[in-house]
Amino acid sequence: MSDGRWRRAGGTLIRVISVWAVSTLTLLALAGILPDFQLQADDGDTVTRTAFTAAWGAGAFGLLSALVWPVLVRALLIVPALVLGALVFFLNGSLLLIALRLIPDGRGDANPETAVVVAAVMSAVASATSTALAVRDDDAYRRRLSRLADRRRRRSGTPQTADGGRGGPPGIVFVQLDGVGHDVLEQAAADGLMPTVAGLLSDEAGHRLTPWTTDWSSQTGASQLGILHGSNFDVPAFRWFEKETGTVMVSSRPASALELQRRAIARTHDGGLLTVDGASRGNLFSGGADQLALVLSMAARLGKGRRSRAGYFAYFSDPANAVRTALSFVAEVGREIGQSVRARVRKEVPRVKRGGLYPFIRAFATVVERDVVVAAVIGDMFAGRTAVYADLVAYDEVAHHSGPFSRDAEKVLTRLDRSLGLILKIADHTPRDYRIVLLSDHGQSPGETFAGRYGLTLKDLVRAGCGLPVPRRAQRTRSASEARDAVRIALHRPVAGEQEAEHPAKSSDPVVLASGNLGLLSFPDIEGRATREQLDRRYPALLGTLAAHPGIGFLLVGSQRHGSVVLGPGGAEVPVAELADGEGPLAVFGAGAADAVRRTDGFPHVADVMVNSMYDPETGRVHAFEEQIGSHGGLGGAQSRPFLLWPRTLTDPLDAVAADAPRGASPAGPGGVPPAGPVGAEAVHRVLARWLRELSGPQVPLRQEGFTGAVRVDEPFPAGRPLPTGRPLSDGPVSDGPADAHVPVPADGPDSGDAVPDPGDAVPGPRG
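Residues numbered from 1 in each chain as written. Predicted model: local features only at pLDDT ≥ 70, side-chain atom pairs only at ≥ 80, totals over all residues. Heavy atoms only, no water.

Peer 1: Give a detailed account of helix 10 (residues 254-268), specifying residues and quantitative values.
Peer 2: Here helix 10 contains 15 residues, and its C-alpha end-to-end distance of 21 Å stays within 8% of the 21 Å for a straight helix at 1.5 Å per residue. Within the span of helix 10, buried status applies to Pro 254, Ser 256, Ala 257, Leu 260, Gln 261 and Ala 264. Seen along its axis, helix 10 keeps its buried residues to an arc of 160°; they face one direction. Looking one or two residues beyond helix 10, the residue adopting positive phi is His 269, at roughly 55°. (Helix = DSSP H or I, 4+ residues; strand = E, 2+ residues; numbered from the N terminus. Expected span 1.5 Å × (residues − 1). Buried < 20%, exposed > 50% of the residue type's maximum accessible area, 1.4 Å probe, protein only. Arc of directions from axis to C-beta.)

Take a look at the structure:
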């Protein structure tokens, strides 16, 4: 017997003994409380004898429940549901009476009514104890889900074929690890923090790791809108001001998300990536899917279409799920408080405040959302959905407040890896083959906040440059948090930003908004986009003050003379049309920065002044204009370098991008250098869409040898970091089924209960 089997057997034995012990204590307590229930002889017994009697009775009741109860339930399936509900209590009490009769010397006794009560309490306690002990046991949940799959197959009348009923075209599951950069993922796999990912990378026939480059707005709103709906045009930041309506658009606000989704669909004339038999789980946008759970844009819809919270109800309708997630939630709150105290005691820098409600918000993101989303994905796989896209926000939330390379963030990566391992194992038991694609929407760049480094916020600096009063003490800038807004939606509370939309700033004051290390300045009383000349006449010191500040890298502002210009330190001024990578104010921001700025400059709702913080290429540091020591939203460092981890049976992402490029276009990137991966979220959408088409028809990649002239896609692990050894958690790629030109049509309606397993079946979420 292998070590793994010994560990599983030992774990099972410990759980059985623990449940038996707790049941024994419960039986003793009930015997002391209930007058018609006894475990002693009429003339009394010693404590030892009474404890032995309780243990015997608890063991006998447990064995009868395990052996007889399944047979009784199967025999009573023909009984109407209402009658069966009453019979359950009667039969459970009957089993307890039998167990008491089996106690030697007849020391156990209870009248029938009391037996029903005792049996109900005993069953509830045993179930809760067993669930609590299995919180971290993925194998137990996997086995239960395997039985669930077999039961559903038999219920549907699907015959068991030689290939397990998996002869149709494969489905695909996209799992987005929010905020995990390419280099962070690679390093975590090399360091053994993510053994599931390391197993995928070590299998030469398995997956390949490819970086991709975000747009200037390196945040979930822009990236996910582009990935799911094919267009993120006119999304300049996480939040921005629209002059014509006086509205502050916030990507994590349901009304704004719904409007952004509507605009993208109108621009592309396409419903989205998931329109054919798709499911969207935990995302900002629906992607056109019928099956929705925790989708922010749908929270703005009223009536029956408002299904964003349906995932919570479906998940927590199972008491086992509720117990497991509640225990993990409490543990995560305690973990965050302990880590925060340790950071303060050690005087770690940089550091931001993590008190108030933040421990609960973090626990919601790292436990509740994760468990609900993973359970929904597993339900989708058992239902045989064609395409599933899910977002796990745990790392992004923790990295904002603890830092992207902190121990806190590393521990979150390890727990996310366990969730991925569970999904991969479940794929072996689903009714169709699945290709698993991991990706991220952006990375994170570390650094002290702008206010922490310089003692004033961007808004203070802008007001000073405009000659307006500045508070003596720097005020905190609201931190953008998808998890915080998700909590508010789950609790039916208004989302941050709605008051801003209803009560915009006075027309005489500039509107200053932050999106990570990207700042946006708008002047409501200037019609249209303000130009440099207008601002110089009204606020002569403003642009010079901003451009010369050491915490600011460059500015983008309109110009009557040049169209638009980029301003930088030392009086640098470059027309946008003449921008080039590696030169002028953009010198340190890397390849593609000039094109990203030019594209944003063409947006109708680009801010009057776009402000990007400084970036130190030696340390990778930026300065967020929000209370975040790990940030994203602008240019500079790892935040602009997310990843794609994809099965090698699919077309290389660069080949997919090249296939969609205009005939005769050069594959070379900026400066004539071939790109390392797709550039922009819209390009990633085209790659994922091509993969969906390949899986629904003949699976013939464009070129097996990869993109001509491109740098190596699957980069090696960092030098000096050996790849962890050991068998991958997945058994390599699943062989392709026979070619099939059709795409399956969903058999169930949008409100189908197959989105998650039945309430009576405990669905595993990853455990904290």
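Peer 1: Can you break down a nonpolar patch on the surface residue by residue, with the values?
Peer 2: Together, Phe 52, Trp 56, Ile 98 and Leu 102 line one region of the surface with nonpolar side chains, adding up to about 380 Å² of accessible area. Structurally, Trp 56 can be placed in helix 2 (residues 47-67). (Patch = residues over 30% accessible without salt bridge, like charges linked within 9 Å, V, L, I, M, F, W, Y side chains within 5 Å. Areas by Shrake-Rupley, 256 points an atom, 1.4 Å probe, with all protein chains shown as cover. Salt bridge = Lys/Arg side-chain N within 4 Å of Asp/Glu carboxyl O.)

Peer 1: Requested: an account of the packing of aromatic side chains, with residues and values cited.
Peer 2: Evaluation of the coordinates by the stated rule reveals eleven aromatic pairs. Here Phe 450 and Tyr 454 contribute two aromatic rings whose centre-to-centre distance is 5.2 Å and whose plane-to-plane angle is 55°, an arrangement assigned as tilted. Linking Phe 450 with Tyr 454, this pair stays in helix 16 (residues 450-454), spanning four residues, or about one helical turn. In this structure an aromatic cluster arises from ring pairing among Trp 216, Phe 554, Phe 589 and Tyr 615. (Phe/Tyr/Trp six-rings, centres within 6.5 Å; stacked < 30°, edge-to-face > 60°.)

Peer 1: Residue-level account of the sheet that holds strand 10 (residues 434-439), with values.
Peer 2: Across the sheet, seven strands lie side by side as 4-21-10-3-9-7-8; this open sheet has mixed pairing. Bordering the open sheet on either side are strand 4 (207-211) and strand 8 (291-293), each of which pairs with just one other strand. Direction aside, neighbouring strands of the sheet carry axes that sit 15° apart on average. Looking at chain direction, strand 3 (residues 171-177) and strand 9 (residues 387-392) are connected through six bridges and run parallel. If you follow Gln 176 over to strand 9, its bridge partner there is Asp 391. (Pairing = 2+ DSSP bridges. Axes fitted to C-alpha atoms, helices over the stretch in contact; angles between N-to-C directions.)

Peer 1: I'd love a proper account of the packing of helix 13 (residues 358-383) against helix 14 (residues 394-402), names of residues and values included.
Peer 2: Relative to each other, helix 13 and helix 14 sit at 150°, their axes nearing to 8 Å. On the basis of their axis angle, the class for helix 13 and helix 14 is roughly antiparallel. As helix 13 packs across helix 14, the resulting crossing turns out to be left-handed. Facing Tyr 358, Ile 361, Arg 362, Ala 365 and Thr 366 of helix 13, the residues of helix 14 in contact are Ala 394, Glu 397, Val 398, His 401 and Ser 402. (Parallel < 35°, antiparallel > 145°, perpendicular 65-115°, else oblique. Left-handed = near helix turned anticlockwise from the far one by under 90°. Contact = heavy atoms within 4.5 Å.)

Peer 1: With reference to specific residues and values, describe the pairing of strand 10.
Peer 2: In terms of burial, strand 10 is largely enclosed, as six of its six residues are buried. Alternating positions in strand 10 separate into two faces, Tyr 434, Ile 436 and Leu 438 on one and Arg 435, Val 437 and Leu 439 on the other, with burial throughout. Where strand 3 lies against strand 10, six bridges are found, and the strand directions are parallel. Paired with Val 175 across the bridge in strand 10 is Leu 438.

Peer 1: So what about the confidence of the model for the protein? Which residues, and what values?
Peer 2: Looking at the protein as a whole, the pLDDT averages 79, with 72% of positions reaching at least 70. Considering each helix and strand of the protein separately, the mean pLDDT is smallest for helix 19 (residues 498-502), with a value of 41, and largest for strand 17 (residues 609-613), with 98. Taken as a whole, residues 496-505 scores under 50 in pLDDT and shows 18 contacts with residues more than four places along the chain or in a different chain. (pLDDT = per-residue confidence, 0-100.)

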